[in-house]
Amino acid sequence: MVAPIVVMGVSGSGKSTVGAALAQRLRVPFADADDFHPPANIAKMTSGEALNDDDRYPWLEAIGEWLAERCETGGVMSCSALKRKYRDQLRRHCPEMALLHLVGTPEVIGRRQASRPGHFMPASLLASQFETLEPLGSDEHGVDIDVDQSIDAIVESYVSATGSTGR
């Protein structure tokens with residue numbers, strides 16, 4: 001069994017790309033949390049305004065429901081999950097979920113963001129993402145992997161570190 005995996009990190013860290021590659025490697029479904037945002041959230045971020053916890057709550061509930069449907073069969077979800085309480089909200093739906101935290105410096109992430117023209121999350125919000133980010137706690141099932149390497153290397157690092165079980 002593969003526990004559902006949440007690929008987390010700040011905007012521009014490569015969550016969607018890594019998540020899709022990891023799901024393909026593990027032969028499980030993939031979903032991008034961006035697709036779960038209501039139009040009001042997208043409009044707010046597009047205008048350069050950061051989401052608050054009230055904005056995020058229903059979005060995280062929808063993501064949690066997707067994870068809950070895959071607690072026994074596995075799946076990969078890309079989701080920023082920047083705060084511990086957001087990850088706790090997701091875990092209430094699927095306690096077995098694992099985390100792959102994509103870490104990088106603001107300079108590396110900024111370069112990556114600059115190569116994504118047309119994304120609704122403007123680069124101006126990157127600083128707020130780093131301010132909001134809470135590292136994984138020692139009691140959270142997850143691993144930190146540096147984003148400054150190839151997608152294949154990131155996926156291989158995760159699979160090697162977890163034995164490809166999602167833990």
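Cut-off values and rules
Residues numbered from 1 in each chain as written. Predicted model: local features only at pLDDT ≥ 70, side-chain atom pairs only at ≥ 80, totals over all residues. Heavy atoms only, no water. UniProt positions renumbered as here; feature names shortened; annotations may be inferred. Disulfide = S-S within 2.5 Å. Helix = DSSP H or I, 4+ residues; strand = E, 2+ residues; numbered from the N terminus. Buried < 20%, exposed > 50% of the residue type's maximum accessible area, 1.4 Å probe, protein only. Expected span 1.5 Å × (residues − 1). Contact = heavy atoms within 4.5 Å. Polar contact = N/O pair within 3.5 Å; in protein donor to acceptor, adjacent residues only side chain to side chain. Pairing = 2+ DSSP bridges. Axes fitted to C-alpha atoms, helices over the stretch in contact; angles between N-to-C directions. Parallel < 35°, antiparallel > 145°, perpendicular 65-115°, else oblique. Left-handed = near helix turned anticlockwise from the far one by under 90°. Nonpolar A, V, L, I, M, F, W, Y, C, P; charged D, E, K, R; others polar. Salt bridge = Lys/Arg side-chain N within 4 Å of Asp/Glu carboxyl O.

The name given to the protein in an unreviewed UniProt entry is Gluconokinase, with the source organism recorded as Mycobacterium lehmannii. Looking at the protein in UniProt, the text filed under Catalytic activity (unreviewed entry) is "D-gluconate + ATP = 6-phospho-D-gluconate + ADP + H(+)".

Peer 1: Would you mind showing me how to read the state of the cysteines here?
Peer 2: Any covalent bond linking the sulfur atoms of two cysteines counts as a disulfide. On inspection of all chains with the given rule, the structure shows one disulfide. The disulfide that involves Cys71 links it to Cys94, with 2.1 Å between the sulfurs. Here Cys71 is found in the loop between α3 (53-68) and β3 (76-78), whereas its partner Cys94 is found in the loop between α4 (84-93) and β4 (98-103), with 23 residues between them in sequence. For the pair formed by Cys71 and Cys94, the shared burial category is buried.

Peer 1: Would you mind showing me how to read helix α7 (residues 151-162) here?
Peer 2: Residues that lie three or four places apart on an α-helix share one face, since the helix turns once every 3.6 residues. Here α7 is 12 residues long and its end C-alpha atoms lie 17 Å apart, about the 16 Å a rise of 1.5 Å per residue gives. Against the buried residues of α7 lie β1 (5-8), α1 (15-26), β4 and β5 (142-146). After α7 finishes, the residue Gly163 shows a positive phi value of roughly 70 degrees.

Peer 1: I'm lost on α3 in this one. Help?
Peer 2: Taking 1.5 Å of rise per residue, 16 residues should cover 22 Å, and α3 covers 21 Å from first to last C-alpha, within 8% of that figure. Burial in α3 covers these residues: Asp55, Arg56, Trp59, Leu60, Ile63, Gly64, Trp66 and Leu67. In this structure, the buried residues of α3 make contact with β1, β2 (30-32), α2 (39-46), β3 and α4. Put simply, Asn52 is the residue that caps the front of α3, since its side-chain oxygen is 2.9 Å from the backbone nitrogen of Asp54.

Peer 1: It is not clear to me how the sheet that holds β5 should be interpreted in this structure. Could you clarify?
Peer 2: Pairing within the open sheet is parallel, and its five strands lie in the order β2-β3-β1-β4-β5. Strands at the two margins of the open sheet, each flanked by one partner only, are β2 and β5. Averaged over neighbouring strand pairs, the angle between their axes works out to 20 degrees when direction is ignored. Strands β1, β2 and β3 of the sheet are contacted by α3, whose axis makes an angle of about 165 degrees with β3.

Peer 1: How should I be thinking about the packing of α1 against α7 in this particular structure?
Peer 2: The axes of two packed helices give the description: the angle between them and the distance between them. Two elements in contact, α1 and α7, have axes separated by 10 Å at closest approach and are oriented at 55 degrees. One element, α1, and the other, α7, form an angle in the oblique class. Relative to α7, α1 is oriented so that their crossing is right-handed. Listed contacts from α7 to Thr17, Val18, Ala21, Leu22, Arg25 and Leu26 of α1 are Ile151, Ile154, Val155, Glu156, Tyr158 and Val159. A class-by-class count of the residues in the contact of α1 with α7 yields nine nonpolar, one polar and two charged.

Peer 1: Any chance you could explain the pattern of salt bridges here in plain terms?
Peer 2: Between side chains of opposite charge, a pair can form when the charged atoms approach closely. Under the defined criterion, the tally for this structure stands at 13 salt bridges. In this structure, Arg56 and Asp53 form a salt bridge, with 3.9 Å as the shortest nitrogen-oxygen distance. Of this pair, Arg56 and Asp53 both sit in helix α3, three residues apart, which is roughly one turn of that helix. Members of the salt-bridge network, linked through shared partners, are Arg84, Arg87, Asp88, Arg91, Asp139 and Glu140.

Peer 1: Whenever I open this one, the packing of α3 against α4 confuses me. Can you help?
Peer 2: In contact at an axis separation of 8 Å, α3 and α4 are set at 35 degrees when each is read in the N-to-C sense. Classified by chirality, the crossing of α4 by α3 is right-handed. Along the contact surface, α3 presents Asp53, Arg56, Tyr57, Leu60, Glu61, Ile63, Gly64, Glu65, Leu67 and Ala68, while α4 presents Lys85, Tyr86, Gln89, Leu90 and His93. Looking at the contact of α3 with α4 residue by residue, the class counts come to seven nonpolar, three polar and five charged.

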